[in-house]
Every structure is written in C-alpha cells, then in structure tokens.
Amino acid sequence: MLTMILLGLVGLSWVAIGVAMLTAPGWWHERMGGVMATPPSRFLLTQGMILGGLVLMLGTSAQQGFWLWGTLGVLLVATALVLLGAPESLRERLIGCWKKSPMWTLRLGGVLLMALATLLAIDTLRGGP
C-alpha cells in the first residue's frame with residue numbers, strides 16, 4: 001500500500017511537470033533556469049530526483065514493466081548525482097545548453113512525461129505490489 005502511494009506521488013508529480021511543460025514552456029524554462037542557478041534550490045531539486053529514482057528502482061520490482069521503471073530510476077539518480085557532483089564549469093555548460101534548447105523540445109518532453117506517468121499509473125494499479 002505504501003509503495004502504491006509513493007508511486008502515485010511520483011506519477012502525480014510527473015503529470016504536474018508535464019502539464020507545466022506543455023502549457024507554459026516559457027515559464028518552465030525560466031523557472032528551471034532560476035532553480036539551477038542557486039545552490040540551495042538545486043540541492044533540493046537533486047535530492048527530490050534521487051528520492052524519486054530510488055522509489056522507482058525499489059518500488060517497481062514486482063511490476064510487469066520493472067525494467068522500464070528501474071532504468072528511469074537509474075537515469076534520475078545518475079542525472080542528480082552529475083548535477084550535484086559536477087564541477088561548476090561543466091554544470092554551467094550543461095545549463096547553458098539546456099537554456100538554448102527550443103520550446104518544442106520542452107513540449108515534447110511534457111508529452112513524454114505525461115505518457116510515462118500514465119503508464120506508471122496503469123502498471124501500478126494493474127499488477128502492483
């Protein structure tokens with residue numbers, strides 16, 4: 001039951017982020033740029049990413065698509081660790097590259113995130129723990 005609640009929270013956050021990326025990509029772009037610029041907010045963001053990745057890796061072991069959710073969890077944790085441990089110059093280059101990305105990539109990412117959240121909800125309700 002706790003696993004279903006945690007996976008539901010992960011899916012709900014993905015839906016919220018996906019909706020924000022779809023409806024207001026400019027706002028999302030600005031907001032994430034500001035979050036990544038300040039160390040305390042970047043630290044909180046990466047801690048949330050690590051927690052979500054660990055929930056995906058450990059909580060979906062009994063599900064049918066565990067390989068997909070485990071892979072996404074590993075990618076979340078790896079990305080967060082790179083953002084936490086990378087030298088300032090590399091982090092600034094990555095953030096600069098992200099800031100130059102066109103708005104359609106944000107919208108595509110929002111659609112992908114909402115699709116993944118829907119699949120996670122289906123997989124959790126269908127054959128969850």
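For the structure itself, look to the data block above.
Reading the values: rules and limits
- Residues numbered from 1 in each chain as written.
- Predicted model: local features only at pLDDT ≥ 70, side-chain atom pairs only at ≥ 80, totals over all residues.
- Heavy atoms only, no water.
- Salt bridge = Lys/Arg side-chain N within 4 Å of Asp/Glu carboxyl O.
- Helix = DSSP H or I, 4+ residues; strand = E, 2+ residues; numbered from the N terminus.
- Buried < 20%, exposed > 50% of the residue type's maximum accessible area, 1.4 Å probe, protein only.
- Contact = heavy atoms within 4.5 Å.
- Patch = residues over 30% accessible without salt bridge, like charges linked within 9 Å, V, L, I, M, F, W, Y side chains within 5 Å.
- Areas by Shrake-Rupley, 256 points an atom, 1.4 Å probe, with all protein chains shown as cover.
- Phe/Tyr/Trp six-rings, centres within 6.5 Å; stacked < 30°, edge-to-face > 60°.
- Polar contact = N/O pair within 3.5 Å; in protein donor to acceptor, adjacent residues only side chain to side chain.
- Axes fitted to C-alpha atoms, helices over the stretch in contact; angles between N-to-C directions.
- Parallel < 35°, antiparallel > 145°, perpendicular 65-115°, else oblique.
- Left-handed = near helix turned anticlockwise from the far one by under 90°.
- Nonpolar A, V, L, I, M, F, W, Y, C, P; charged D, E, K, R; others polar.

Summed over all chains, the structure comprises one salt bridge. Put simply, E88 and R91 hold a salt bridge, and the shortest N to O gap is 2.7 Å. Separated by three residues within a single helix, E88 and R91 lie in helix α5 (residues 88–99), roughly one turn from each other.

What follows concerns the environment of G70. Along the polypeptide, G70 turns up in helix α4 (residues 66–85). Taking the relative accessible area as the measure of exposure, G70 reaches 15% and is therefore buried. Separated by 55 residues in the primary sequence, G70 and V15 place their C-alpha atoms 19 Å from one another. Ignoring sequence-local partners within four residues, the contact set of G70 consists of L56, M57 and T60.

Moving on, we get to a nonpolar patch on the surface. Together, M1, L2, I5, L6, L9 and L12 give the surface a local cluster of nonpolar side chains, amounting to about 660 Å² of exposed area. On the secondary structure map, I5 appears in helix α1 (residues 2–23).

Each aromatic ring pair is described using two quantities: the centre-to-centre distance and the angle formed by the ring planes. Counted by the stated rule, this structure contains two aromatic pairs. Ring geometry for W14 and W69: centres 6.5 Å apart, planes at 40 degrees, overall tilted. Here the residue W14 occupies a position in helix α1, and W69 occupies one in helix α4, the gap between them amounting to 55 residues. A single burial state applies to W14 and to W69, both of which are buried. Here W27 and W28 contribute two aromatic rings whose centre-to-centre distance is 6.3 Å and whose plane-to-plane angle is 50 degrees, an arrangement assigned as tilted. Assessed through its relative accessible area of 49%, W27 is described here as partly exposed.

Topologically, T124 is positioned in helix α6 (residues 103–127). A polar atom in the side chain of T124 sits 3.2 Å from the side chain of Q63. In this structure the side chain of T124 is engaged in a polar contact, spanning 2.7 Å, whose partner is the backbone oxygen of L120. Filtering out sequence-adjacent residues up to four positions away, T124 remains in contact with M4, L7 and Q63.

With that settled, the discussion passes to the packing of helix α3 (residues 39–59) against α4. Direction vectors running N to C along α3 and α4 enclose 155 degrees, while the axes themselves pass 7 Å from each other. If you check the angle between α3 and α4, you find them roughly antiparallel. At the point where α3 passes α4, the crossing takes the left-handed sense. Along the contact surface, α3 presents R42, F43, T46, Q47, M49, I50, G52, G53, L54, L56 and M57, while α4 presents W69, G70, L72, G73, V74, L76, V77, T79, A80, L81, L83 and L84. Taken together, the residues of the contact of α3 with α4 break down into 15 nonpolar, seven polar and one charged.

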